[in-house]
Amino acid sequence: MSIFEYNGSALVAMVGKNCFAIASDRRLGVQLQTIATDFQRIFKIHDKLFLGLSGLGSDTQTLYQRLVFRHKLYQLREERDMKPETFASLVSAMLYEKRFGPYFCQPVIAGLGEDDKPFICTMDSIGAKELAKDFVVAGTASESLYGACESMFKPDMDHEELFETISQALISSVDRDCLSGWGGHVYVVTPTEVTERILKGRMD
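Residues numbered from 1 in each chain as written. Predicted model: local features only at pLDDT ≥ 70, side-chain atom pairs only at ≥ 80, totals over all residues. Heavy atoms only, no water.

**Some words on the overall build of the protein chain**
Helix and strand counts for the protein chain come out as four helices and twelve strands. In terms of overall dimensions, the protein chain is globule-like: its C-alpha atoms have a radius of gyration of 16 Å, near the 17 Å expected for 204 residues. C-alpha extents for the protein chain along the principal axes are approximately 45 × 40 × 25 Å. When the 204 residues of the protein chain are sorted by exposure, 51% land in the buried category. A fraction of 62% describes how many contacts in the protein chain between residues 6 or more apart in sequence connect residues 24 or more apart. Side chains of the protein chain carry 22 positive and 28 negative charges; the gap between the two charge centres is 4 Å. (Helix = DSSP H or I, 4+ residues; strand = E, 2+ residues; numbered from the N terminus. Rg over C-alpha atoms; globule rule 2.2 N^0.38 Å. Buried < 20%, exposed > 50% of the residue type's maximum accessible area, 1.4 Å probe, protein only. Contact = heavy atoms within 4.5 Å. Lys, Arg positive; Asp, Glu negative; His and termini not counted. Charge placed at Lys NZ, Arg CZ, Asp CG, Glu CD.)

Written out as structure tokens, the structure reads:
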């Protein structure tokens, strides 16, 4: 078993019309044994920028704390929040810095940039970026997430339709992966509000 699959995870970000959604499962496991059913994988950097981290649980928390520190330094120096594209470059650079002893994480970055244009991207553990205009996925359930998102996604969804689509894609995908599950955690972000919802899984 790969170290990236040790704790299990499912993570997806999807764009709508001037909005985006990011969702993850809630299971923390040690291989096939479930340890917790309320594990946080999505973190708020600021009101229009969210970070999801799949991979080894301890590394996700360490990397998140380091990124928050770097973002706060940026806010102090620049007196503004970081744009999603800038934040993606920061994450990529930090991961590449550690390429000989990497964080076992696969980040998913989602944010609203200038003119409230949604931005999503993912990268591997050494910071190679992969940009997308529709959706990005990460984690042990990524194969089934690709299939579900490709069949359900349509462009220019409003925030309610986007929530429904990403939730259905996530729940149906984690049902096909024994290392992720126990419901979901969904954030839908529009230019004016952030909506957070918890999805109940089949076992709840």
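Next comes the rest of the account.
**With respect to helix 4 (residues 159–174)**
An α-helical segment advances 3.6 residues per turn. Residues three or four places apart therefore align on the same side. Given a rise of 1.5 Å per residue, 16 residues ought to cover 22 Å, and the 22 Å separating the end C-alpha atoms of helix 4 matches this to within 8%. Along helix 4, the residues that are buried comprise Leu 162, Phe 163, Thr 165, Ile 166, Ser 167, Ala 169, Leu 170, Ser 173 and Val 174. In this structure, the buried side of helix 4 is in contact with strand 1 (10–15), strand 2 (20–25), helix 3 (142–152), strand 11 (184–189) and strand 12 (194–199). (Expected span 1.5 Å × (residues − 1).)

**Section: the pairing of strand 6 (residues 49–55)**
Within strand 6, seven of the seven residues are buried, which leaves it mostly tucked inside the rest of the structure. Alternating residues of strand 6 divide into Leu 49, Leu 51, Leu 53 and Gly 55 and Phe 50, Gly 52 and Ser 54, and every residue in both groups is buried. Across four bridges, strand 5 (residues 42–46) lies against strand 6 in antiparallel orientation. Bridge assignment links Ile 42 to a residue of strand 6, and that residue is Gly 52. In sequence, strand 5 turns back onto strand 6 through a hairpin of two residues. (Pairing = 2+ DSSP bridges.)

**Focus: the sheet that holds strand 9 (residues 129–132)**
Reading across the sheet, the five strands line up as 5-6-7-8-9 and stay open at both edges, with antiparallel pairing between neighbours. Looking at the sheet topology across the chains shown, the edges are occupied by strand 5 and strand 9. Each neighbouring strand pair of the sheet contributes to a mean axis angle of 20°, computed without reference to strand direction. One ladder, built from seven bridges, connects strand 6 with strand 7 (residues 105–112); its direction is antiparallel. Counted as the bridge partner of Gly 52 is Val 108 from strand 7. (Axes fitted to C-alpha atoms, helices over the stretch in contact; angles between N-to-C directions.)

**Some remarks on the packing of helix 3 against helix 4**
Between helix 3 and helix 4, the least distance of the axes is 9 Å, while the angle of their chain directions is 145°. Regarding helix 3 and helix 4, the two cross each other, and that crossing is right-handed. Residue-level contacts link Ser 144, Leu 145, Ala 148, Cys 149 and Met 152 of helix 3 to Thr 165, Gln 168, Ala 169, Leu 170, Ser 172 and Ser 173 of helix 4. Among the residues forming the contact of helix 3 with helix 4, the class breakdown is six nonpolar, five polar and no charged. (Left-handed = near helix turned anticlockwise from the far one by under 90°. Nonpolar A, V, L, I, M, F, W, Y, C, P; charged D, E, K, R; others polar.)

**Things to note about the sheet that holds strand 12**
In space, the five strands of this open sheet follow the order 10-1-2-11-12, with antiparallel pairing throughout. Strands with a single pairing partner mark the edges of an open sheet, and in this sheet they are strand 10 (135–139) and strand 12. Adjacent strand axes in the sheet meet at a mean angle of 10°, parallel and antiparallel pairs treated alike. The pairing of strand 2 with strand 11 spans six bridges and is classified as antiparallel. Bridge pairing in strand 11 places Ala 21 opposite Val 188. Strands strand 1 and strand 10 of the sheet are contacted by helix 3, whose axis makes an angle of about 160° with strand 10.

**Things to note about unusual backbone geometry**
Its identity as a non-glycine residue notwithstanding, Asp 116 has a phi of 55°, on the positive side. With respect to the secondary-structure elements, Asp 116 resides in the loop between strand 7 and strand 8 (118–123). In the Ramachandran plot, Trp 182 falls in the positive-phi region, its phi being about 60° despite a non-glycine side chain. Along the polypeptide, Trp 182 turns up in the loop between helix 4 and strand 11.

Keep in mind these numbers describe shape, not what the thing actually does.
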